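The lines below spell out each chain.
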Amino acid sequence: MRSMVEKRLGATHPRMTIMSGPTREADFADLVDDPAPAHVAREPRPGAPLRGYSHSVEIGQVRMVHGAAAMLAMSVLADSGIEHSRGQYHNPAMFTPLVSSTLSILASLDGAARSETSAHPLRLASYGIAMVVGLVGTAFHVHNITKKPGGFSWENLFYQAPIGAPAALSLSGLLGLAAEGIRDEKPGESPKLLGLPAAPALAGLTALGLLGTTAEVSLLHFRGNFQNPLMYLPVALPPIAAALTAEAALRPHKRPRPQAKLWLGITAALGVAGVAAHAYGTHRYSGGWKNWRQNLVDGPPIPAPPAFSGLALAGFAALALLERHGDD
Amino acid sequence: MSSDPFERPRAADGRAPDVFKMGGWIPMRQNRDGDEVDFAIVGTGAGGGTLAARLAEKGFSVVAFDAGPYFRPLEDFASDETAQEKLYWNDPRVVEGADPIVMGGKNSGKTVGGSMVHFAMVSLRFRPEWFKSRSTLGYGADWPIGWEEMWRYYDQVEKDLSISGPINYPWGPPRPRYPYRPHPLNAAAEVLARGCEAMGMKWTPTPLATVSAPRGEAHPCVYRGFCRFGCSTNAKQSTLNTYIPRAIRAGAEIRDLAMVGRIETDARDRATGVHYHRDGRWRFQKARNVIVAGYAVESPRLLLNSATDRHRHGLANGSGLVGKYLMTQPNQAVYGKSKDEIRWNKGPPSLAITEHWNYDDRKDFDGGYCWMGQGPLPIEWAKTVTASRGIWGDELRLAMQDYNYQVGVKMVGECMPSEANTVTLADQKDRYGLPVAKVTFGWSDNDKALIRHALDQMEMSLEAAGVTDLFRQEEDANHLGGTVRMGDDRRTSVVDADCRSWDVPNLFVCDGSVFPTVGGVNPSLTIQAIALRTADRIEQLAARGDI
Amino acid sequence: MTERSFPGYDVLDKRDTPSWNDATRDAIDERLKVPREPRFFSSDEFATLEAVCGRILPQPADRADPVPIAAYVDAKIFSGQLDGYRFDKLPPQGEAWRIGLAALDHEARDRHGARFRDLGRADRDGILRDMQQGRLEGDHWKGMPLKLFFTKRVVHDVTDAYYGHPTAWSEIGFGGPASPRGYVRMDKNRRDPWEAAEGKPGEEERALKENRHVV
């Protein structure tokens, strides 16, 4: 397989990505709007002068994945900030996800700003911590549930510490590690994530993340009885994007995937629209915004939906990488 | 901001209050006194309000009377025990007997929406066997209705009220999933749960008529804990903000501050309408049919107060049973102190429940009971402490300072029907000049055995949950039943299965007073299920010209 | 038993927060304006009533503005507001109180040769305790069952008045009115920032600080 990859890589033009390359937004818009393999079209033509870098780090994609990690981490920061203030930080460990997600955000911002082609140990550490904190958090949350009367009951799944939430932090860490892995690509090798080919691994991670997030949304929207039909959207739509991304991970041929991009775009938009929907929902709670101290906590979580946008961004990056590196 | 709901009727001039908006109105069809309406309904609570909606939706013309005011919860309800006494039936009643029943807030409402406006929202189904407790369990009396039929109407009322309940209810035959998800437990409910788990009993989040997510214009519950003093956010799904608005939309008229004092009957023993007091004078509304839905004290009182020469012992009283077989549910409790801060005033009072003893028949007494979490507010708590422990002075003041650590569980139990427990007329007159009700009650030996058993079990469960300084609240009773019992024999009952009087064929009684047995769970859901059934039966009877 | 304290906590601080709606503000404002002079009782009866209230719920001597319990008992009877039931063995509330207050003075004169209000605490408590246990008799009680009167009228009305007052809510650390804002943190040992903080030993300073911000 490796030789296949190398052969294919050898056949492609050595690429240079300009240091002041596309911004995240531009990347994003570009990918949503342009059904054609976006980066290929915008890349310097063969024979264009090379400056500084001789191998093909797709810094644009690196930025996107950092962006995805940052968005997830921001969602975690705001959401766990609110949720843990509900719990009033009675256990000092409840500060950990705030610290870790902040580190993850800083690492991502730093990573997105830099074009160097090697991973940085501090960023790696930040992301590694996020991954671990997410895992430990999950264990904590599970432990909390088992301590409550009823154990693993619907009641506790609805109202005790959410099992799925810390996983978002792990996911953010993993995405960050993926960005570092892609960035650290050695000449003649396809980028790696935890020893796997980075592109399909990132696509798989995105698909799993989308499914996990959808599962959590399903649980919470079920708790809210789908009282507004819009609440079905984040349950029904992201799995389509997840399926298409998973398909890309399982069959990483090098080909355009307009359908996957379309659904990732929809999922990304859903994350943004969700913030507005949740803000509207909060206003409908008793006392509306005047009662923000209660309703920000008890109302629909306003910072939660962008997790979808972050994952979609990671999906876009994975698809773009696949277009470069496909595995056929 | 808005008018005083006690000063003059709000439902007038072609409109009625919009309960979802401060100062809001909805259009309402009105009838003249001389118009012979299809149904005059006395009372707008669980029985009358539900019937008003269903009958109007079936195309009948309906006027529903309530002696109380028409509130808009958002603007009229304070968060205050004292101020909210305005929701209760505070008119005089005389209570007597070996165990006089405390009335008022415990069991009687006087507002549009009835006592559902201040009920604790606990929405439970009867155990199926209770509908035939005489034949299947050997006590009480059989209902003339089977449980399978009631199950269908329970489905309907649970949907209509968007009951928030557990995904799987641990007792009884399968039922559809509750329309809304359960509420989170508060600390008091968690103590109940721990106690039950320690004793090997099942428990569950209580099915409650307060929404856990937005529903239409109703906010979700904000856990303010004043549920029994009126829900000022409309989260509570009472008749006032569910069936009453439906009734008005379907063309029914609600008349608030309208006290019905007498049902008129003609020489053919048919009801012709009701005399009611509104706007400072007595008036008469003509009606083809009359439905009495004033609950277990006011319904028999109205029938007794409607006596004529042809009905000397009160209307519909050929059996002599009007006012007899009064039941009230034992409502004893055990309280104690937790080492943790509980702050039981937060959230609905009864967030968790065990019905274990309603479904376990290995006991040496008849009937069953459930128990649930508690969260009395300061005044009620002070009354409980003083009545149960007999303390006052500095001891009381200091004991009250443990408020945030108190925790307890309270039973709702089944009381045996006894002919000796009655509602009769007293010599005293009320402000309308009508004889007031005299309520005579005493526990039977079986009731006492049941209460003892419950107190023991509750105490054990609290001990098992680590609660200390336990004490028992030995006297308390709440929901009522009986007094106009239904049956399939006119000699032993007042109304038939359709809630129709055996004696006066166009007179119905539809509320908790028709219960032949009261069951060991809160009765509101069953009252409403019967009302839904009665509406369907009336439609069928009317279709074949039987009404 | 020792006094708990909620240093600096005053439920009235929340009056203008989302915990209080207009209906609540109106109701409590009205309550705080209760006339201090009797309108139902004679001033003589009222003085005895105050002496009874002071023993059923003795308030701390250093309290600047004690809850006028007797005024609330008087106001309720004067307003004609009823309980919704009357024990057949007890006269209506106003009449029952009048009989009871006169009889307490009668007992005080018989026993100590002074009016009830002029007795020391212990003597007043002695008579009240005998009433609670049904150990008093005589025509001056007019056949009223003492235990019933004591529990269902005297203590009932006094606790209604006292624990319906914001001062008492602050004293027991009760959150007070809650609408449109309710509560978020319902687990044990959790308090919302707008709830009373208890000054447990060693935590008085922190509680004082938190209670300044219960808004």
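Conventions used here
- Residues numbered from 1 in each chain as written.
- Chains lettered and ligands numbered in written order.
- Predicted model: local features only at pLDDT ≥ 70, side-chain atom pairs only at ≥ 80, totals over all residues.
- Helix = DSSP H or I, 4+ residues; strand = E, 2+ residues; numbered from the N terminus.
- Buried ≥ 20, exposed ≤ 12 C-beta atoms within 10 Å, placed from the backbone.
- Rg over C-alpha atoms; globule rule 2.2 N^0.38 Å.
- Pairing = 2+ DSSP bridges.
- Contact = placed C-beta atoms within 7 Å.
- Axes fitted to C-alpha atoms, helices over the stretch in contact; angles between N-to-C directions.
- Domains from an automatic or database assignment.
- Nonpolar A, V, L, I, M, F, W, Y, C, P; charged D, E, K, R; others polar.
- Core = buried A, V, L, I, M, F, W, Y, C linked by C-beta atoms within 7 Å.
- UniProt positions renumbered as here; feature names shortened; annotations may be inferred.
- Expected span 1.5 Å × (residues − 1).
- Right-handed = clockwise from strand over helix to strand, strands pointing away.
- Parallel < 35°, antiparallel > 145°, perpendicular 65-115°, else oblique.
- pLDDT = per-residue confidence, 0-100.

Brief notes about the overall build of chain C
1) Next: Each helix and strand in chain C was counted, giving 8 helices and 1 strand.
2) Next: Put simply, chain C runs from its N terminus to its C terminus through helices and strands in the order α-α-α-β-α-α-α-α-α.
3) Next: Along the first, second and third principal axes, the C-alpha set of chain C runs to 55 × 35 × 30 Å.
4) Next: Scored against the burial criterion, the 215 residues of chain C give a buried share of 49%.

A short note on the overall build of chain B
1) Next: Along its length, chain B carries 12 helices and 20 strands.
2) Next: In terms of overall dimensions, chain B is globule-like: its C-alpha atoms have a radius of gyration of 22 Å, near the 24 Å expected for 547 residues.
3) Next: Projected onto its principal axes, the C-alpha positions of chain B cover 65 × 55 × 50 Å.
4) Next: Per-residue burial for chain B yields a buried fraction of 64% across its 547 residues.

Focus: the sheet that holds strand 16 (residues 422-429) of chain B
1) Next: With respect to topology, 4 strands assemble into an open sheet ordered 16(B)-17(B)-5(B)-1(C), the strand pairing being mixed. Edge strands, defined here as strands with exactly one partner in the open sheet, are strand 16 of chain B together with strand 1 (86-87) of chain C.
2) Next: Here 2 bridges tie strand 5 (residues 94-96) of chain B to strand 1 of chain C, and the two strands are oriented parallel to one another. Bridge pairing in strand 1 of chain C places Val95(B) opposite Phe87(C).
3) Next: Here helix 7 (residues 295-305) of chain B sits on the sheet in contact with strand 16 and strand 17 (435-440) of chain B, set at roughly 65° to strand 16 of chain B.

Notes on the domain arrangement of chain C
Residues and elements named next belong to chain C.
1) Next: Each assigned domain of chain C is listed here: domain 1 (1-17 + 175-215) and domain 2 (20-168).
2) Next: Computed over C-alpha atoms, the centres of domain 1 and domain 2 are 30 Å apart.
3) Next: The interface of domain 1 with domain 2 comprises 9 residues on the first partner and 5 residues on the second.
4) Next: Split by residue class, the side of domain 1 that touches domain 2 holds 4 nonpolar, 3 polar and 2 charged.

Things to note about the nonpolar core
1) Next: Formed by 174 residues in total, the largest nonpolar core has its most connected members in Ile41(B), Ala52(B), Val62(B), Ala247(B) and Ile254(B).
2) Next: If one sorts the elements of this core by residue count, helix 12 (residues 524-543) of chain B sits on top with 8 residues.
3) Next: When we break this core down by domain, the ones giving at least three residues each are domain 1 (1-17 + 175-215) and domain 2 (20-168) of chain C.
4) Next: Setting aside residues no more than four positions away along its own chain, Ala247(B) makes contact with Gly49(B), Ala52(B), Ala53(B), Ala56(B), Val62(B), Ala64(B), Ala252(B) and Ile254(B).
5) Next: If you look at the next biggest cluster of nonpolar residues, it comprises 65 residues, including Met74(A), Leu169(A), Ala198(A) and Ala307(A).

Looking at the environment of Leu106(A)
1) Next: Its place among the elements puts Leu106(A) in helix 5 (residues 96-113).
2) Next: C-alpha separation for the pair Leu106(A) and Val275(A), spaced 169 residues apart in sequence, amounts to 23 Å.

Observations concerning the environment of Glu419(B)
Residue and element names in this part refer to chain B.
1) Next: Within the secondary structure layout, Glu419 lies in the loop between strand 15 (406-413) and strand 16.
2) Next: Classification of Glu419 by C-beta neighbours within 10 Å gives exposed; the count is 11.
3) Next: Along the chain, Glu419 and His219 lie 200 residues apart, while their C-alpha atoms are 45 Å from each other.
4) Next: For Glu419, the contacting residues outside a window of four places in its chain are Lys324 and Tyr325.

A few points about the UniProt feature "domain: Glucose-methanol-choline oxidoreductase C-terminal" (unreviewed entry) in chain B
1) Next: Within this numbering scheme, the UniProt entry marks residues 417-531 of chain B as carrying the feature "domain: Glucose-methanol-choline oxidoreductase C-terminal" (unreviewed entry).
2) Next: The span residues 417-531 of chain B is 24% helix and 24% strand, and its two end C-alpha atoms sit 22 Å from each other.

As for the sheet that holds strand 18 (residues 468-473) of chain B
By definition, the strands of a sheet pair up through backbone hydrogen bonds, in either a parallel or an antiparallel sense.
Residue and element names in this part refer to chain B.
1) Next: In space, the 6 strands of this open sheet follow the order 6-13-14-15-12-18, with antiparallel pairing throughout. Each having just a single partner strand, strand 6 (204-205) and strand 18 make up the two edges of the open sheet.
2) Next: Of the strand pairs in this sheet, strand 14 (residues 369-373) and strand 15 are connected by 5 bridges, and their pairing is antiparallel. Paired with Cys370 across the bridge in strand 15 is Val412.

With respect to the UniProt feature "domain: Glucose-methanol-choline oxidoreductase N-terminal" (unreviewed entry) in chain B
1) Next: As annotated by UniProt and renumbered to match this structure, "domain: Glucose-methanol-choline oxidoreductase N-terminal" (unreviewed entry) occupies residues 108-330 of chain B.
2) Next: Counting secondary structure, residues 108-330 of chain B comes out at 22% helix and 16% strand; the distance between its end C-alpha atoms is 16 Å.

Quick look at the interface of chain C and chain B
1) Next: Listed by partner, the interface residues are 50 residues for chain C and 59 residues for chain B.
2) Next: Those elements giving two or more residues to the side of chain C that touches chain B turn out to be helix 1 (22-32), helix 2 (43-56), strand 1, helix 5 (121-132), helix 6 (146-162) and helix 7 (166-172) of chain C.
3) Next: Residues belonging to the side of chain C that touches chain B are distributed by class as follows: 21 nonpolar, 14 polar and 15 charged.

Points about helix 9 (residues 198-223) of chain A
1) Next: In this model helix 9 of chain A runs 37 Å from its N-terminal to its C-terminal C-alpha over 26 residues, within 8% of the 38 Å that 1.5 Å per residue would give.
2) Next: A positive backbone phi angle near 60° is found at Asn225(A), which sits one or two residues after helix 9 of chain A.

Section: helix 6 (residues 121-147) of chain A
1) Next: With 27 residues, helix 6 of chain A ought to run about 39 Å at 1.5 Å a step, and its terminal C-alpha atoms sit 38 Å apart, in line with that.
2) Next: Looking at helix 6 of chain A, one finds that the buried residues are Arg123(A), Ser126(A), Tyr127(A), Ala130(A), Met131(A), Val133(A), Gly134(A), Gly137(A) and Ile145(A).

Re unusual backbone geometry
Outside of glycine, negative phi angles account for most residues, and trans bonds account for most peptide bonds.
1) Next: Here Ser179(C) and Pro180(C) are connected by a cis peptide whose omega angle stands at 5°.
2) Next: Position of Pro180(C) relative to the elements: it lies in the loop between helix 7 and helix 8 (204-211).
3) Next: Positive phi is not limited to glycine here, since Ser162(B) has a value of about 45°.
4) Next: By the element assignment, Ser162(B) lies in the loop between helix 4 (147-160) and helix 5 (187-199).

Description of the pairing of strand 3 (residues 37-42) of chain B
Residues and elements named next belong to chain B.
1) Next: By the criterion of burial, strand 3 is predominantly enclosed, with 5 of the 6 residues buried.
2) Next: Here 5 bridges tie strand 3 to strand 10 (residues 281-292), and the two strands are oriented parallel to one another. Each bridged residue has a counterpart across the sheet, and for Phe39 the counterpart in strand 10 is Asn289.
3) Next: Note: strand 3 against strand 4 (residues 62-65), 4 bridges, orientation parallel. Among the inter-strand pairings, Ala40 is bridged to a residue of strand 4, identified as Val63.
4) Next: Handedness of the crossover is the feature at issue here: the chain leaves strand 3, passes through helix 1 (residues 48-57), returns alongside strand 4, and the resulting connection is right-handed.

Observations concerning the environment of Pro197(A)
1) Next: For Pro197(A), the position within the fold is in strand 2 (residues 196-197).
2) Next: By C-beta crowding, Pro197(A) is classed as buried, having 23 other C-beta atoms within 10 Å.

Things to note about the packing of helix 5 of chain B against helix 11 (residues 445-464) of chain B
Residue and element names in this part refer to chain B.
1) Next: Relative orientation of the contacting elements helix 5 and helix 11 amounts to 100°, with a least axis distance of 7 Å. Overall, the two elements helix 5 and helix 11 adopt an arrangement that is roughly perpendicular. On helix 11, the residues touching Gly195, Cys196, Ala198 and Met199 of helix 5 are Met460, Ser461, Leu462 and Ala464.

Details of the confidence of the model for chain C
1) Next: When pLDDT is averaged along chain C, the result is 96; 100% of the residues meet or exceed 70.
2) Next: The weakest mean pLDDT in chain C belongs to strand 1 of chain C at 94; the strongest belongs to helix 2 of chain C at 98.

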